[in-house]
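Structural description and commentary
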Amino acid sequence: MSTISKKMTSNKSQAGHQAEENAEVEKIRARVRARRLQTARELAGRMQILPDGTRVFIRFNARERFEHQILIGSFTTLGLTGLMQSFSRIGIVSWVINILLGGIETLRTIHHLAAIVFGIQAIYHFSGIIYLWFVKRELGSMWPKWDDLKGLLGMFKFNLNMAKERPAFDRFSIEEKVEYWALLWGTVIMGITGIFQWFPLLITSLLPGIAIPIARTIHAWEAILAVLAILTWHMYHTVIKENNQSIFTGVMTEEEMQETHALEYRRILAAVEFIHKASLKHQNETKETVEVSHEMVELGTTD
Ligand code: HEM
Ligand code: HEM
């Protein structure tokens with residue numbers, strides 16, 4: 001083969017490679033666009049317009065609200081029946097246990113039943129996290145970020161009257177993230193130490209006997225910490241300070257969103273605009289998928 005024909009063959013194969021690469025890049029781009037469109041749809045769906053024209057924002061879906069109500073029921077029962085055991089020597093508590101409930105066994109049975117509900121809820125929630133991390137490959141909006149430190153500092157300044165405006169938060173504020181991670185961590189501790197006390201024979205066949213009294217002490221003190229955290233931190237931030245009812249009603253008003261979740265609010269509006277532009281383009285019968293406009297803010301994640 002002459003040098004010229006060799007060169008031509010190699011140019012042809014190079015062009016073939018280039019075409020394959022271009023096709024691959026185009027496929028990836030199409031996937032990214034489809035994903036952005038899906039995110040935008042989900043985000044835009046969070047804004048609802050009532051018949052009188054008022055805009056409301058969906059904060060928690062039915063599944064999230066149901067999870068929280070199960071948590072209220074099981075946690076309150078566990079806290080009450082657990083702390084009654086810790087303080088059973090107090091006169092009124094002893095009367096409730098022995099006369100009203102007919103003995104400590106009833107109290108323990110209620111604690112165990114509530115622990116099963118609490119445990120199932122926890123497993124369900126952890127499965128959701130696994131799905132989010134490993135199937136959807138997203139960290140989720142509760143994941144800590146460096147910006148949270150800025151939010152923390154901003155909240156200190158705002159609370160101390162050193163700043164006029166509160167920092168702009170995304171889906172979850174710093175107070176909400178702290179609450180969530182404390183609960184997650186507390187659930188693991190309470191679950192493990194609870195199981196240690198529930199099945200002492202099994203545990204001591206694997207670990208030294210001292211493990212049981214240690215577990216009991218940790219369980220009892222963590223219970224006090226968790227109950228106090230809910231009664232002070234959580235109740236103050238949700239009920240007293242904000243009168244936030246979104247975990248029951250599912251929605252927030254536009255003012256509440258602007259004030260407490262300004263970044264998420266902007267992302268939702270950007271998504272609504274994006275979907276609007278997309279449908280306009282579709283109406284114009286353009287076959288290509290809509291490109292994200294540069295002036296739009298990042299859409300981010302939905303979970
Ligand atoms: C999956 C979670 C949990 C399990 C498996 C569990 C299990 C247990 C068990 C087996 C006991 C020993 C007495 C008994 O048999 O009833 C106990 C005691 C206790 N539990 Fe739990 N529990 C759980 C969660 C909680 C939570 C969330 C709280 C409080 C918010 C709590 C508060 C207490 C308290 C205060 C005691 C008495 C400790 C003492 O003074 O001896 N438990 N728990
Ligand atoms: C009657 C009692 C309770 C009320 C009125 C209440 C209220 C609320 C409200 C309004 C929110 C939504 C906050 C937001 O906009 O993000 C929320 C979220 C949450 N709640 Fe509760 N709650 C109660 C009990 C509990 C209990 C017992 C637990 C757990 C042990 C809990 C754990 C959480 C968590 C982890 C969140 C998500 C993080 C956050 O947004 O703060 N709540 N709750």
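Look a little higher up for the structure.
Reading guide: rules and limits
Residues numbered from 1 in each chain as written. Chains lettered and ligands numbered in written order. Predicted model: local features only at pLDDT ≥ 70, side-chain atom pairs only at ≥ 80, totals over all residues. Helix = DSSP H or I, 4+ residues; strand = E, 2+ residues; numbered from the N terminus. Buried ≥ 20, exposed ≤ 12 C-beta atoms within 10 Å, placed from the backbone. Contact = placed C-beta atoms within 7 Å. Near = placed C-beta within 6 Å. Nonpolar A, V, L, I, M, F, W, Y, C, P; charged D, E, K, R; others polar. Expected span 1.5 Å × (residues − 1). Pairing = 2+ DSSP bridges. Axes fitted to C-alpha atoms, helices over the stretch in contact; angles between N-to-C directions.

Attention shifts here to the overall build of the protein. For the protein, the helix and strand inventory stands at 11 helices and 3 strands. Ordered by position in the sequence, the α and β elements of the protein form the string α-β-β-α-α-α-α-α-α-α-α-β-α-α. Based on the C-alpha atoms only, the size of the protein along its principal axes is roughly 100 × 60 × 40 Å. Taking all 303 residues of the protein together, the buried fraction comes to 15%. A sequence separation of at least 24 residues applies to 68% of the contacts in the protein between residues at least 6 apart.

This next bit is on the environment of Ala23. Along the polypeptide, Ala23 turns up in helix H1 (residues 3–44). Considering only alpha carbons, one finds Ala23 and Lys241, 218 residues apart in sequence, at a separation of 55 Å.

Our focus in this paragraph is the site of ligand 1. Taken together, 24 residues surround ligand 1, and among them Gly82, Ser86, Ala115, Gly194 and Ala223 come closest. For the shell around ligand 1, the element with the most residues is helix H2 (residues 62–86), which contributes 7 residues. Counted by class, the shell around ligand 1 contains 12 nonpolar, 10 polar and 2 charged residues.

The subject of this paragraph is helix H5 (residues 146–159). For H5, spanning 14 residues, the distance from its first C-alpha to its last is 21 Å, which sits close to the expected 20 Å at 1.5 Å a residue. Immediately downstream of H5, the backbone of Asn161 shows phi near 65°, a positive value.

Strand order in this open sheet of 3 strands is E1-E2-E3, and the pairing throughout is antiparallel. The two strands at the open ends of the sheet, each matched to only one other strand, are strand E1 (47–49) and strand E3 (251–253). Pairwise comparison of adjacent strand axes, ignoring direction, gives a mean angle of 35° for this sheet. In this sheet, strand E2 (residues 55–58) lies alongside E1 in antiparallel orientation, the contact comprising 3 bridges.

This brings us to the site of ligand 2. In the vicinity of ligand 2 lie 16 residues, with Phe75, Glu176, Glu179, Thr238 and Ile247 positioned nearest. Of the residues belonging to the shell around ligand 2, the class tally is 8 nonpolar, 5 polar and 3 charged.

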